[in-house]
Amino acid sequence: MTIRFQWCRSLGAADFPVSAYEQLRTQVADATPFNTLAWLQAAEFALLPEQQLHVLLGWQDQTLCLCLPLVSGRERIGGLRFRVLHHLGYPLADRIALLVRLDAESMGQALMQIRQHLPHALLQLNEVIEPVGEQSVLSAWMALSSTGERRLSCRVPVHLISDSDHQEISGDTRYKLRRARKRIAACGAEIRRLTPDAISMGQLLRALADVEAASWKGQEGVGIFSDPMHQQWMNHAFSALAAQGQVRVVTLELNGECISYRLGLLDQGRLYDYNLAFLPQHADLGSGRVLLEEWIRWGLDENWRWIDASRVSLNNSSHQLHERMTGQLEHWRWSFYSWQPDGLLLGFALRLWRSLKPWLGKRKSKSASSI
C-alpha cells in the first residue's frame, strides 16, 4: 500500500484531522480512554517547556491509517542525558492501543520517518496492549533497530461481570467484606455513586486531591495530583471526559466529607479503575475492598461488562481485583534503540547488562548462601 506521511505539531492545530482520528480510534478494537483526544489534548497541555510534541500521521488516499503522537525530551540514563521519545500520555496513561492499521513494510517506512524528523537515541512505548493471537505491528521495528526490547510491564486483573455477582462472594474475601461493611456501618459512613459532568468535575477533583494529599500517595509524592503539572493534566482530562459522560466515582463519606474514593473511566461497558486513595486515619475500615465491590454492583445495575484494574505493579501487586478476577491482560514496553552513536551506546549497555545479570544473580545467591 502507498502511504503518505504528515507531521503535526499539536492535536489542537487547525489542520489536525479530528474526524479522521476519531474514525481510526473506533476501528482499533483495543483503544482505551487514554487514546481519546480528551485525554491526549490534556496531556499535551501539561507538557514541560523542554518537551516537544510531534504527531506522525499516515494516510492511504483519504483514510487515516496511523496516528502516533510522540513527545521528545532529554532523559538522564546512567548519569548521561539522551534524547528519548515517548507516546503522548506517558507516564499517567494506564494503557494504550497503537492507532495503526498498516502492514509491516509501511510500519518500517513510519520508523524511517520518525528517525529522519526526530533524531533520538531511544524510542520507548509503554503500557501497550496487543491484540490477542496477533503479532504486534511493532515487531517490524525490531530488525530495523540497533537493539530492540519487548518487555512485560504488568499483568492486569480484569473481572467479567455476570449473574453470579448477584450472590455474595465466598471464601476469605467474603469475610473481609463483611468485616469492612460492619466497621463502615458502625462509624456511620455512607457510600455514594457519582457521575460528574464537566461543571461538577472540578469541585469533585479538588475533594479527591485533598484525600490523596493526606494519603500515603500524597506523602510519598506518587499520586496523580502530587505534581502541579500532573494536577493540571488531571483537571483538563477528567473535565473533558466527564463532559462525554465517561467518568465514574464511588466515594465513602463521613459527616459529608470524602474519606475514601475510587476514580474510574467507563468506556464501551468497561470500567477502568484508575485511582484510589483514603485518609490514613480511616485505613482500618477496609474501604478499598468495599468500594471495589460497589463498582461491581454498579456494573450489575447498569449492564457494564468488565471491571478492569487498568494498571498494576508487575510484581507483588496489591490490587484487590486479584481476589475477583476472571482473566488478565498483559501490558508491554517496547524499546527501540537507534543507529546514532548515542543509540548504539545505550543498546550496547542494555545487551551488556543482559549478559551480566544472570552471572550477578548467581554470585549474589552464592554470597547469601555462604552467610
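Calculation notes
- Residues numbered from 1 in each chain as written.
- Predicted model: local features only at pLDDT ≥ 70, side-chain atom pairs only at ≥ 80, totals over all residues.
- Heavy atoms only, no water.
- Domains from an automatic or database assignment.
- Contact = heavy atoms within 4.5 Å.
- Buried area = accessible area lost by both parts, 1.4 Å probe.
- Salt bridge = Lys/Arg side-chain N within 4 Å of Asp/Glu carboxyl O.
- Polar contact = N/O pair within 3.5 Å; in protein donor to acceptor, adjacent residues only side chain to side chain.
- Helix = DSSP H or I, 4+ residues; strand = E, 2+ residues; numbered from the N terminus.
- Disulfide = S-S within 2.5 Å.
- Buried < 20%, exposed > 50% of the residue type's maximum accessible area, 1.4 Å probe, protein only.
- Axes fitted to C-alpha atoms, helices over the stretch in contact; angles between N-to-C directions.
- Parallel < 35°, antiparallel > 145°, perpendicular 65-115°, else oblique.
- Left-handed = near helix turned anticlockwise from the far one by under 90°.
- Nonpolar A, V, L, I, M, F, W, Y, C, P; charged D, E, K, R; others polar.
- Phe/Tyr/Trp six-rings, centres within 6.5 Å; stacked < 30°, edge-to-face > 60°.
- Lys NZ or Arg CZ within 6 Å of the ring centre and 35° of its normal.

Quick notes on the domain arrangement of the protein
Inference 1: Under the domain assignment, the protein is made up of domain 1 (3-144) and domain 2 (158-328).
Inference 2: Between the C-alpha centres of domain 1 and domain 2 the distance comes to 29 Å.
Inference 3: With 21 residues of domain 1 at the contact, the number on the domain 2 side is 19 residues.
Inference 4: For the domain 1 and domain 2 pair, buried surface summed over both sides reaches about 1900 Å², with 63% attributable to carbon and sulfur atoms.
Inference 5: If you look at where domain 1 meets domain 2, you find three salt bridges.
Inference 6: A salt bridge links Arg311 to Asp94; the shortest N-O distance between them is 3.4 Å.
Inference 7: Counting every contact that joins domain 1 to domain 2 gives seven residue pairs in polar contact (both at pLDDT 80 or more).
Inference 8: Ranked by residues supplied to the side of domain 1 that touches domain 2, first place goes to helix α2 (residues 37-45) with five residues.

Quick word on the state of the cysteines
Inference 1: According to the stated counting rule, one finds zero disulfides in the structure shown.
Inference 2: In this structure Cys67 is a free cysteine whose sulfur lies 8.1 Å from that of Cys8, the closest cysteine sulfur available.
Inference 3: Free of any disulfide, Cys258 has its nearest cysteine sulfur in Cys187, 13 Å distant.
Inference 4: Assessed through its relative accessible area of 12%, Cys258 is described here as buried.

Description of the packing of helix α6 (residues 198-214) against helix α8 (residues 228-243)
Inference 1: Their axes nearest at 9 Å, the elements α6 and α8 cross at an angle of 140°. Here α8 runs oblique to α6, going by the angle between their axes. In this structure, α6 meets α8 at a crossing whose hand is right-handed. Contacts between α6 and α8 involve Ala198, Met201, Leu205 and Ala209 from the first element and Gln231, Met234, Asn235, Phe238, Ser239, Ala242 and Ala243 from the second.
Inference 2: Tallied by class, residues from the contact of α6 with α8 come to eight nonpolar, three polar and no charged.

A look at the pattern of salt bridges
Pairs may arise between side chains of opposite charge once their charged atoms sit close together.
Inference 1: Taken as a whole, this structure holds 20 salt bridges when the rule is applied.
Inference 2: In this structure, Asp301 engages Arg193 in a salt bridge whose closest nitrogen and oxygen atoms are separated by 2.9 Å. Linking Asp301 in helix α9 (residues 287-302) with Arg193 in strand β8 (residues 190-194), this pair joins segments that are 108 residues apart in sequence.
Inference 3: Judged by its relative accessible area of 32%, Arg193 is partly exposed.
Inference 4: Salt bridges linked by common partners bring Asp165, Arg181, Glu293, Arg297 and Arg324 together as one network.

Thoughts on the packing of aromatic side chains
Inference 1: Under the counting rule described, the total for this entry stands at 13 aromatic pairs.
Inference 2: Every member of this aromatic cluster is reached through a ring pair, and the members are Phe34, Trp39, Trp233, Phe238, Tyr272 and Tyr274.
Inference 3: We note Arg150 situated over the ring of Trp332; from NZ or CZ to the ring centre the distance is 3.5 Å.

Overview of unusual backbone geometry
As a rule of thumb, non-glycine residues mostly have phi less than zero, and peptide bonds are mostly trans rather than cis.
Inference 1: The amide bond that connects Tyr90 to the next residue, Pro91, takes the cis arrangement and shows omega of 5°.
Inference 2: Backbone geometry places Glu127, a non-glycine residue, at a positive phi of 55°.
Inference 3: Following the sequence through the fold, Glu127 ends up in strand β6 (residues 122-129).
Inference 4: Assessed through its relative accessible area of 11%, Glu127 is described here as buried.
Inference 5: Of note, the phi angle at Asn303 is positive, near 65°, even though the residue is not glycine.

Quick word on the environment of Gln340
Inference 1: Assignment of secondary structure puts Gln340 in the loop between β13 (327-337) and α10 (341-370).
Inference 2: For Gln340 and Trp298, which are 42 residues apart along the polypeptide, the C-alpha to C-alpha distance reads 52 Å.

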